[in-house]
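Residues per chain, in single letters:
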Amino acid sequence: MSKKRILVAPLDWGLGHAARCVPIVRYLQEKGAEIVMAADKGPLALLREEFPQLEFLVLPGYDIRYAKSGKAMPLKMLLSVPGILAKIKSEHEALKQIIKEKKIDAIISDNRYGLWTKEVPCIFITHQLRIKSPIGENRLQKINYKYIEKFTECW
């Protein structure tokens, strides 16, 4: 039986998503899996330092900028939605090529909503099933679940 090739891809909002992937990658390596990492910016640098022997792909992140004040955060995030949706679509399109070229058997996506497919099992890791918002929270929740439900599993 050949080794399974697993794509692991954390979001680029700080280093927490990448750090959360480190024990998962170590576990998968212990089980004999071949890991292909896909990340951008800080997470890419952190994971390259932690796992220099792995194969890495640059997968552009969502490039979110936080508001300077907490009060401005909801508006800043709302204005970011069109860009986030465009990034989700582009990473979903890129995934098709990655699966084909890298012969990926499974995907572990840490909060990257576009990394799902029906071709291989896809796991979505999140710490935020319920997104809090001062406006439109129920609508936002429906959109969030619509994306999460595309994955095989949610951790």
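As a reminder, the structure under discussion sits directly above these lines.
On a predicted model such as this, the values are computed, not experimentally measured, just so you know. Within every chain, residues take consecutive numbers counted from 1 along the sequence as written. Local features in this predicted model are restricted to residues of pLDDT 70 or higher, and side-chain atom pairs are both shown and tallied only at a pLDDT of 80 or more, whereas totals for entire chains, interfaces and linings draw on every residue. Computation of side-chain values covers all heavy atoms of the structure but excludes hydrogens and water.

Draft legend 1. View of the packing of helix α1 (residues 16-30) against helix α2 (residues 41-50). Packing of α1 against α2 leaves a shortest axis separation of 10 Å and a crossing angle of 30 degrees. It follows from the interaxial angle that α1 and α2 lie roughly parallel. Here the hand of the crossing between α1 and α2 comes out right-handed. Residues Ala 18, Ala 19, Val 22 and Arg 26 of α1 form the contact with α2, whose participating residues are Pro 43, Leu 46, Leu 47 and Glu 50. Fitted lines through C-alpha atoms give the axes, limited to the stretch in contact for helices. The angle between two N-to-C directions lies from 0 to 180 degrees. Here a helix means four or more residues in a row that DSSP labels H or I, a strand means two or more in a row labelled E, and each is numbered from the N terminus. In this scheme, roughly parallel covers angles under 35 degrees and roughly antiparallel covers those over 145, while 65 to 115 is roughly perpendicular and the rest are oblique. Two helices that cross are described as forming a left-handed crossing if the nearer one is turned anticlockwise from the farther one by less than a right angle, and a right-handed crossing if clockwise. Contacts are assigned to residue pairs that have any heavy atoms within 4.5 Å of one another.

Draft legend 2. Representation of a positive patch on the surface. Every patch collects residues that have over 30% relative accessible area and no salt bridge, joining them within 9 Å if they carry like charges and within 5 Å if they are nonpolar side chains (Val, Leu, Ile, Met, Phe, Trp, Tyr). The protein chains shown are the only cover counted for residues, whose accessible areas, like all others here, come from Shrake-Rupley with a 1.4 Å probe. Throughout this description, the term salt bridge denotes a Lys or Arg side-chain nitrogen within 4 Å of a carboxyl oxygen of Asp or Glu. When charges are tallied, Lys and Arg are placed among the positive residues and Asp and Glu among the negative ones, while His and the ends of the chain are skipped. Where a charge sits is defined by one atom per residue type, namely NZ (Lys), CZ (Arg), CG (Asp) or CD (Glu). Taken together, Lys 118, Arg 139, Lys 142, Lys 146 and Lys 150 make up a surface patch of like positive charges. Inspection of the secondary structure assignment puts Lys 118 in the loop between β4 (106-110) and β5 (122-125). Residue exposure (1.4 Å probe, protein chains only): buried if accessible area is under 20% of the type maximum, exposed if over 50%, otherwise partly exposed. What makes Lys 118 exposed here is its relative accessible area of 78%.

Draft legend 3. Expanded view of the side chain of Glu 91. Among the secondary structure elements, Glu 91 is positioned in helix α3 (residues 73-102). Taking the relative accessible area as the measure of exposure, Glu 91 reaches 1% and is therefore buried. Glu 91 has contacts with Tyr 62, Arg 112, Tyr 113, Gly 114 and Leu 115, leaving out every residue within four places of it along the chain.

Draft legend 4. Molecular detail of the pairing of strand β1 (residues 5-10). Among the six residues in β1, six count as buried, and that is most of the element. Alternating positions in β1 separate into two faces, Arg 5, Leu 7 and Ala 9 on one and Ile 6, Val 8 and Pro 10 on the other, with burial throughout. Where β1 and strand β2 (residues 34-39) come together, four bridges link them in parallel fashion. In the sheet register, Arg 5 faces β2, and the bridge partner there is Glu 34. Sheet topology note: the β1/β4 ladder contains five bridges and is parallel. Residue pairing in the sheet places Pro 10 in a bridge with Asp 110 of β4. Pairing between two strands requires that DSSP report at least two bridges joining them.

Draft legend 5. Highlighting α2. For α2, the complete set of buried residues consists of Pro 43, Leu 44 and Leu 47. Each buried residue of α2 lies within a common arc of 100 degrees when the element is viewed along its axis, so the set occupies one face. Working note: the arc is built from the helix axis to C-beta atom directions.

Draft legend 6. Looking closely at the sheet that holds β5. Taken in spatial order, the six strands make up an open sheet running β3-β2-β1-β4-β5-β6, and their pairing is parallel. Only two strands of the sheet have a single partner each, and these edge strands are β3 (55-58) and β6 (153-154). Looking at chain direction, β2 and β3 are connected through four bridges and run parallel. Bridge pairing in β3 places Ala 38 opposite Leu 57. Across the sheet, α1 touches β1, β2, β4 and β5, and the angle it forms with β1 is around 165 degrees. Across the sheet, α2 is in contact with β1, β2 and β3; its angle to β3 comes to roughly 175 degrees.

Draft legend 7. Region of interest: the nonpolar core. Residues enter a nonpolar core if they are buried and are Ala, Val, Leu, Ile, Met, Phe, Trp, Tyr or Cys, with the set joined through side-chain atoms within 4.5 Å. Counting 25 residues, the largest nonpolar core has Leu 7, Tyr 62, Ile 104, Ile 107 and Tyr 113 as the members making the most contacts within it. Of all the secondary structure elements, the ones that give two or more residues to this core are β1, β2, α3, β5 and α4 (137-148). Top element by residues in this core is α3. It accounts for five residues. If sequence neighbours within four positions are ignored, Ile 107 has contacts with Leu 7, Leu 95, Ile 99, Leu 115, Thr 117, Val 120, Pro 121, Cys 122 and Ile 123. Counting residues in each nonpolar core, the second largest holds 21 residues, with Val 8, Cys 21, Ala 39 and Ile 125 among its members.

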